[in-house]
Amino acid sequence: DTAVSQTPKYLVTQMGNDKSIKCEQNLGHDTMYWYKQDSKKFLKIMFSYNNKELIINETVPNRFSPKSPDKAHLNLHINSLELGDSAVYFCASGGHSGNTIYFGEGSWLTVV
Amino acid sequence: GENVEQHPSTLSVQEGDSAVIKCTYSDSASNYFPWYKQELGKRPQLIIDIRSNVGEKKDQRIAVTLNKTAKHFSLHITETQPEDSAVYFCAASPYTGGGNKLTFGTGTQLKVEL
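Let me sum up the structure you'll find in this document. Please read all numbers here as calculations on a predicted model, not as lab measurements.

**So, the overall build of chain B**
Helix and strand counts for chain B stand at zero helices and 11 strands. Relative to the 2.2 N^0.38 estimate, which gives 13 Å for 114 residues, the radius of gyration of chain B is 14 Å and therefore close to what a compact globule would have. Taken along its principal axes, the extent of the C-alpha atoms in chain B is 45 × 30 × 20 Å. In chain B, which comprises 114 residues, the share counted as buried stands at 46%.

Next up, the structure:
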């Protein structure tokens, strides 16, 4: 009964491929997020959805496209993968501004 | 946008000593300041948070202080134990009308030595 679950946990793929990471939360939160953690451990927000509506879209290449079919799911699709996309991608969910954000276990993406 | 600076980047203490990690933020609109602990290969987990209407908050061995005027906030861990060893991140977020837009500090690797 993991609160925020994401799949796959590990993903190794070649440059140029397209891949997706799926995320689901069972906390009843309205807001979901994607964060990227690079090799230096720096955590940076990529996207945020509130009730299926995109509300935060940081300066992320348009090869990255989030999709939220409902407020419990937020998937991340990445086109034409590049070496620099290698990172850990964390899905997260939370309530309104000022409330706790809970992270998923992370998806380790390696582009070779 | 918000910019959060965190110091030190590494901190080594003896078991039982105290550890202090400091952060500064730039956006005076920020009003929510969580601290996350991340063990190797694991997810960041919230350990304590503070909101701008409070100056200090304590939870057992962990305390956080906030100085809104100076735009500083700090994490204090007392009686450190080996299991406290991890990377600690501070973060700041303004009210956005929707979700949090957390800006994270660059992390502090805390090592508690026996």
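Structure's up, so let's keep going.
**Describing the side chain of D49(B)**
The residue D49(B) is located in strand 5 (residues 45-51) in this model. Here D49(B) falls in the buried class, since its relative accessible area comes to 7%. Within the local environment of D49(B), its side chain forms a polar contact with the side chain of Y32(B), the two groups lying 2.9 Å apart. A polar atom in the side chain of D49(B) sits 2.9 Å from the side chain of K57(B). Setting aside anything within four residues of it in sequence, one finds D49(B) in contact with T100(A), Y32(B), F33(B), P34(B), K57(B) and V64(B).

**As for the pairing of strand 11 (residues 108-113) of chain B**
Residues and elements named next belong to chain B. Burial of strand 11 is one-sided: the residues T108, L110 and V112 facing one way are buried, the residues Q109, K111 and E113 facing the other way are not. Sheet topology note: the strand 2 (residues 10-14)/strand 11 ladder contains five bridges and is parallel. Note on strand 11: the bridge partner recorded for V13 is V112. In this structure, strand 9 (residues 86-94) lies alongside strand 11, joined through three bridges in antiparallel fashion. Bridge pairing in strand 11 places A86 opposite L110.

**Considerations on the environment of K22(B)**
Residue and element names in this part refer to chain B. Residue position: K22 is located in strand 3 (residues 19-25). Owing to a relative accessible area of 53%, K22 belongs among the exposed residues under this scheme. For K22 and Q6, which are 16 residues apart along the polypeptide, the C-alpha to C-alpha distance reads 5.8 Å. Those residues within four positions of K22 in sequence are excluded, and the remaining contacts are E5, Q6, H7, F73 and S74.

**Quick word on the interface of chain A and chain B**
In this assembly, 25 residues from chain A lie in contact with 23 residues from chain B. Applying the counting rule to chain A against chain B returns two salt bridges. In this structure, E58(A) engages K101(B) in a salt bridge whose closest nitrogen and oxygen atoms are separated by 3.0 Å. At the junction of chain A and chain B, the tally comes to five residue pairs in polar contact (both at pLDDT 80 or more). Sorting elements by how many residues they give to the side of chain A that touches chain B places strand 4 (residues 31-37) of chain A first, with four residues. Residues that form the side of chain A that touches chain B fall into these classes: 12 nonpolar, 10 polar and three charged.

**Structural notes on the packing of aromatic side chains**
Within this structure, the stated rule accounts for 15 aromatic pairs over all chains. Aromatic ring contacts, followed pair by pair, group Y10(A), Y33(A), Y35(A), F90(A), F103(A), W108(A), Y36(B), F89(B) and F104(B) into a single cluster.

**A word on the state of the cysteines**
Residues and elements named next belong to chain A. Considering all chains together, one arrives at two disulfides over all chains under this definition. Disulfide pairing places C23 opposite C91 at an S-S distance of 1.8 Å. Between C23 and C91 the sulfur-sulfur dihedral comes to about -80°; the bridge is accordingly left-handed. Placement of C23 in strand 3 (residues 19-25) and of C91 in strand 9 (residues 87-94) is noted, with a sequence separation of 68 residues between them.

**Topic: the sheet that holds strand 8 (residues 73-78) of chain A**
All names here are of chain A. With antiparallel pairing, the four strands of this open sheet are ordered in space as 1-3-8-7. Looking along the sheet, the strands with just one partner apiece sit at the ends: strand 1 (4-7) and strand 7 (64-70). Taking each pair of neighbouring strands and ignoring which way they run, the sheet shows an average axis angle of 20°. Sheet topology places strand 3 next to strand 8; four bridges connect them, and they run antiparallel. Considered in strand 8, the bridge of I21 is made with L76.

Cut-offs used in this document
- Residues numbered from 1 in each chain as written.
- Chains lettered and ligands numbered in written order.
- Predicted model: local features only at pLDDT ≥ 70, side-chain atom pairs only at ≥ 80, totals over all residues.
- Heavy atoms only, no water.
- Helix = DSSP H or I, 4+ residues; strand = E, 2+ residues; numbered from the N terminus.
- Rg over C-alpha atoms; globule rule 2.2 N^0.38 Å.
- Buried < 20%, exposed > 50% of the residue type's maximum accessible area, 1.4 Å probe, protein only.
- Polar contact = N/O pair within 3.5 Å; in protein donor to acceptor, adjacent residues only side chain to side chain.
- Contact = heavy atoms within 4.5 Å.
- Pairing = 2+ DSSP bridges.
- Salt bridge = Lys/Arg side-chain N within 4 Å of Asp/Glu carboxyl O.
- Nonpolar A, V, L, I, M, F, W, Y, C, P; charged D, E, K, R; others polar.
- Phe/Tyr/Trp six-rings, centres within 6.5 Å; stacked < 30°, edge-to-face > 60°.
- Disulfide = S-S within 2.5 Å.
- Axes fitted to C-alpha atoms, helices over the stretch in contact; angles between N-to-C directions.

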